[in-house]
Protein chains: 2
Amino acid sequence: MKRCTLFLIVLIQCCTVFAQSTQTLTVRSYRSQHNKAVTEEFVNFLSIPNVASDTGNIQKNAAFVMQMMQKRGIANVQLLSPGQAGAPPAVYGEAMVIGARQTLIFYAHYDGQPVNPAQWKYGPFTPVLLTARMDEGGMYIPFPGSNEYDSSWRIYARGASDDKGGVIAILDAYEAIVKTGLQPKYNIKFFFEGEEEAGSTNLGEILQKYTSLLQSDLWIICDGPVHQSGKKQITFGVRGDAHLDLTVYGPKRPLHSGHYGNWAPNPALMLAKLLAGMKDENGRVTIKGFYDDVQPLSAAEKKALLEVPPADAQMEEELGIQGSEMKGKNLTAAINLPSLNINGMQSANIGKMASNVIPATASAVLDLRLVPGNDWQRQQQKVIAYIKQKGYTVIDHDPADDERKQYGRLIKIVAGDDGYNAQRTSMDLPIAQNVIRAVQSTTAEKVVLQPTMGGSLPLYVIEKYLHAKTITVSIANHDNNQHAENENIRMLNLWNGIETMAALMMMQ
Amino acid sequence: MKRCTLFLIVLIQCCTVFAQSTQTLTVRSYRSQHNKAVTEEFVNFLSIPNVASDTGNIQKNAAFVMQMMQKRGIANVQLLSPGQAGAPPAVYGEAMVIGARQTLIFYAHYDGQPVNPAQWKYGPFTPVLLTARMDEGGMYIPFPGSNEYDSSWRIYARGASDDKGGVIAILDAYEAIVKTGLQPKYNIKFFFEGEEEAGSTNLGEILQKYTSLLQSDLWIICDGPVHQSGKKQITFGVRGDAHLDLTVYGPKRPLHSGHYGNWAPNPALMLAKLLAGMKDENGRVTIKGFYDDVQPLSAAEKKALLEVPPADAQMEEELGIQGSEMKGKNLTAAINLPSLNINGMQSANIGKMASNVIPATASAVLDLRLVPGNDWQRQQQKVIAYIKQKGYTVIDHDPADDERKQYGRLIKIVAGDDGYNAQRTSMDLPIAQNVIRAVQSTTAEKVVLQPTMGGSLPLYVIEKYLHAKTITVSIANHDNNQHAENENIRMLNLWNGIETMAALMMMQ
């Protein structure tokens, strides 16, 4: 009898704190009866190549998004285009609620990272279904002709999780709400961007051009992965981002390494020396002033960080790595500091295509992540100053003969103009607390609250031009290969994502 | 009158020392009447892809070489095949001379370096004719239907100069001799190898298998470029060569650089640090014992080096570089020391294909050139010892999960088994002096004598298995893009090469 009472008390506590709401179960029921339709539409969407520079296909994607919105009865569907010809448009729509006093904008982006098809097991734009993760024995199966889907299956394609999955979760959440007769309390607006992965170059212009249309109390950003533990996650800020493309020069043409080895400078070695010097053995960037502008975390943010479930051991196991690159910093601490990362590096050829040459050039792409306090252009300049200090003359073009004659060490630096700063929203705002309660109502596990995500989104422009707050609610599995080959989304994450978005649309 | 006498004296001295022989003019006359035929056959030969691992095409090349030899009446033409199935055969033939007491073997190789077709302006196996060097305004023109060829034109294709050009020069020299009724004093044998660019793995076996067939007094190796000054060049040795393929490992899959940047180790940075440490700021290899085994140059070799026309200033101008990588060493001195060169380096992608990832791997290919005294495997081991000393655990396969857990820094090293040692023949041998006189008889400019070439050829196996001497007589233009994309030969170099080979066949 006593044990039974104890069990009941535990059960009640459990239910009180982390019960799944009736709404969530209603949405789940609707979705589970439409698995086939949801997936078919998603697959058709993923089949349209979506690299932001591929203008023709980006237009096809935008048209597809419009058509999905219109099919669901969303009003005022339209393209929001910037002035630059061929720049990807955002897709807008709205569902105004009688009597609603506040407005939420749901954001996702339909473009994806560039692809190297040779590195994909299946084509990046040929969506396939696997029974599990590709490198954990996942087997190819055809898409079922029924609603019988296993939640551990995964769809592989560019954009599956980053971020066409976000578009689908938002639209299918709205569909489930409408079709099951649920009544939102907020006006709902939809904003689907088309060049997030290309640095959202035109986002600021679009926001300025459509300021009145885009008025809202909060932007809910559906992008990025949930916590590595699998728990749902709300993120109140993003890192900023900036790029540098570096090319160093050796001889004007590739040389026979026998006839000229030891004598002609090798650009691969020059680049290696330059990059190697940028970080010390403890993983700290050695560039002067690199950490100087960092704005310290608030007390509330520090407290939230302490409550984030530690993921280091799990991720080390999963990724087959040892320890942190930045000695003494765990994963959560590391992403709250600015970073310098080599995205890619190349000089001549390796493997079977290698030949005995002194290469003519060597290139690397650097990615600088920023935290509040950093300015993206200032951060680029710190790296450029370091390179100059190493004796390089910086140019923005391939060197002419007279430049080669005049300067010993030449480097072409293309400082990407697609950078942006970090952004952070206070967790203490009433609307932020509403978001936390809504997401928590969909899951029996405690939702993880992160002051910032590791990833970057141009959220500062929303604050800058619309004076609106942003909160990011992610849905993808953390092991989604986002930005790399074989990107994927697990069915359970898509299903959960639909429930999460629906709860946010219904929040009090 | 006095001035006239002085002029005559100068003229006589000139003629005495550096006259072109009648033989040379005879060969030239024959060749100039056959430019069209020579070129057509060469183009057909260059059109057959010749990467040593491409078994089917290598066989086609070998058959083409046999057919060219038979057409010229060369006797006993046959393939010399090693035991390994599919390994490229050498092609042999002979022209025995009644009364000859000595035998020369003429060597060239018909295989070429691997190609990356994307890097070629025209296809590597689609020979084209340009009016000058591609990067100096050379224009595409169709091959003429007559014998009217300009000596500054160039043929572009893999193998044009390295070393199908050598095969053609030898065979057309022989044809000119026979057709113009000249009488060689030596027996002439022909040996055309098919896997020189793949490290001549089976050459030793072929030499052992056909020892009696291959008896000779001297091998004349027709490979490599003439001196950068354009002067003809005889080389008495070659550098050895050995390779190492390195791959370092980061996370098991490419990671989003935002979510994991600063935390997950970046293999591109790890590789950069490893490579950067291998040479100091003066271009000297820092690896322990790297220069220890070097056998000092003899007095005669040191003297010959002093007489080599300095090419540094010309090459710096031509290649758009400043100074020597190895501070204080000119080009001639640099190639007389062992070298360590990065042939290629890659991690993830650069340029438009770059994405915001922490790459999963980073790779480099190293090329070690050797001089007499070095042992190729010992040289590889010195580099491997250095890498171990930097805290890496060396494996010969992609790491398994338990290896990733056990070791912090893992590197896969494939120590190429295609290495070989350097070789040098004394300039003082009577037959070496004959070679010098023969080549000098074809040109009005002083022939350059080099103790060693920068390039590598597996000549030590000839010494080892046949106890034969070797001397290298090169014909290609120095700016031939050998081993790289857009390889080419200048018509003048091919024409001069035919004359040089003919003079050697006729030497006293």
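Residues numbered from 1 in each chain as written. Chains lettered and ligands numbered in written order. Predicted model: local features only at pLDDT ≥ 70, side-chain atom pairs only at ≥ 80, totals over all residues. Heavy atoms only, no water.

Q: I'd love a proper account of the overall build of chain A, names of residues and values included.
A: Summing up its helical and strand segments, chain A has 16 helices and 21 strands in all. Here chain A has a C-alpha radius of gyration of 25 Å; the compact-globule value for 508 residues is 23 Å, and the two agree. Taking all 508 residues of chain A together, the buried fraction comes to 62%. If you take every contact in chain A between residues at least 6 apart in sequence, the share linking residues at least 24 apart comes to 79%. By element, 53% of the accessible surface of chain A is carried by carbon and sulfur atoms, the whole surface being about 19,100 Å². Averaging the locations of the 47 positively and 49 negatively charged side chains of chain A gives two centres separated by 3 Å. (Helix = DSSP H or I, 4+ residues; strand = E, 2+ residues; numbered from the N terminus. Rg over C-alpha atoms; globule rule 2.2 N^0.38 Å. Buried < 20%, exposed > 50% of the residue type's maximum accessible area, 1.4 Å probe, protein only. Contact = heavy atoms within 4.5 Å. Areas by Shrake-Rupley, 256 points an atom, 1.4 Å probe, with all protein chains shown as cover. Lys, Arg positive; Asp, Glu negative; His and termini not counted. Charge placed at Lys NZ, Arg CZ, Asp CG, Glu CD.)

Q: How would you sum up the sheet that holds strand β2 (residues 90-95) of chain B? Please name residues and give values.
A: Residues and elements named next belong to chain B. Read across the sheet, 8 strands follow the order β1-β2-β7-β3-β8-β20-β9-β19 without closing on themselves; strand pairing throughout is mixed. Strands at the two margins of the open sheet, each flanked by one partner only, are β1 (75-80) and β19 (448-450). For this sheet, the mean angle separating the axes of adjacent strands, direction not counted, is 20°. Of the strand pairs in this sheet, β2 and strand β7 (residues 187-193) are connected by 5 bridges, and their pairing is antiparallel. The residue bridging Val91 from the neighbouring strand is Phe192, located in β7. (Pairing = 2+ DSSP bridges. Axes fitted to C-alpha atoms, helices over the stretch in contact; angles between N-to-C directions.)

Q: Explain the sheet that holds strand β15 (residues 361-370) of chain B residue by residue, including any values.
A: Hydrogen bonds along the backbone pair up the strands of a sheet, which may run parallel or antiparallel. Taken in spatial order, the 10 strands line up as β16(A)-β17(A)-β11(A)-β15(A)-β13(A)-β13(B)-β15(B)-β11(B)-β17(B)-β16(B) in an open sheet, and their pairing is mixed. The two strands at the open ends of the sheet, each matched to only one other strand, are β16 (392-395) of chain A together with β16 (392-395) of chain B. With strand direction ignored, the average angle separating the axes of adjacent strands in the sheet is 30°. Sheet analysis places strand β11 (residues 240-249) of chain A next to strand β15 (residues 361-370) of chain A, joined by 10 bridges and oriented antiparallel. Across the sheet, residue Asp245(A) finds its bridge partner in β15(A), namely Val365(A). Running over the sheet, helix α8 (residues 267-276) of chain A touches β11, β13 (339-348), β15, β16 and β17 (409-415) of chain A together with β13 (339-348) of chain B and is turned about 20° from β15(A). Strand contacts of helix α8 (residues 267-276) of chain B: β13 of chain A together with β11 (240-249), β13, β15, β16 and β17 (409-415) of chain B, with the helix running at about 20° to β15(B), the strand carrying the most contacts.

Q: Tell me about the pattern of salt bridges, and name the residues and values.
A: Taken as a whole and judged by the stated rule, the model has 50 salt bridges over all chains. The salt bridge partner of Glu136(A) is Arg133(A), with a shortest N-O separation of 3.4 Å. Take Glu136(A): its relative accessible area is 53%, and that puts it in the exposed class. For the salt bridge of Glu317(B) with Lys405(A), the shortest nitrogen-to-oxygen distance reads 3.2 Å. Here the residue Glu317(B) occupies a position in helix α10 (residues 312-319), and Lys405(A) occupies one in helix α13 (residues 401-406), the pair thus bridging two chains. By relative accessible area, which is 53% here, Lys405(A) ends up exposed. Residues joined in a network through salt bridges with shared partners are Arg133(A), Asp135(A), Glu136(A), Arg154(A), Glu318(A), Asp479(A) and Arg253(B). (Salt bridge = Lys/Arg side-chain N within 4 Å of Asp/Glu carboxyl O.)

Function-wise, these values are silent; they only describe arrangement.
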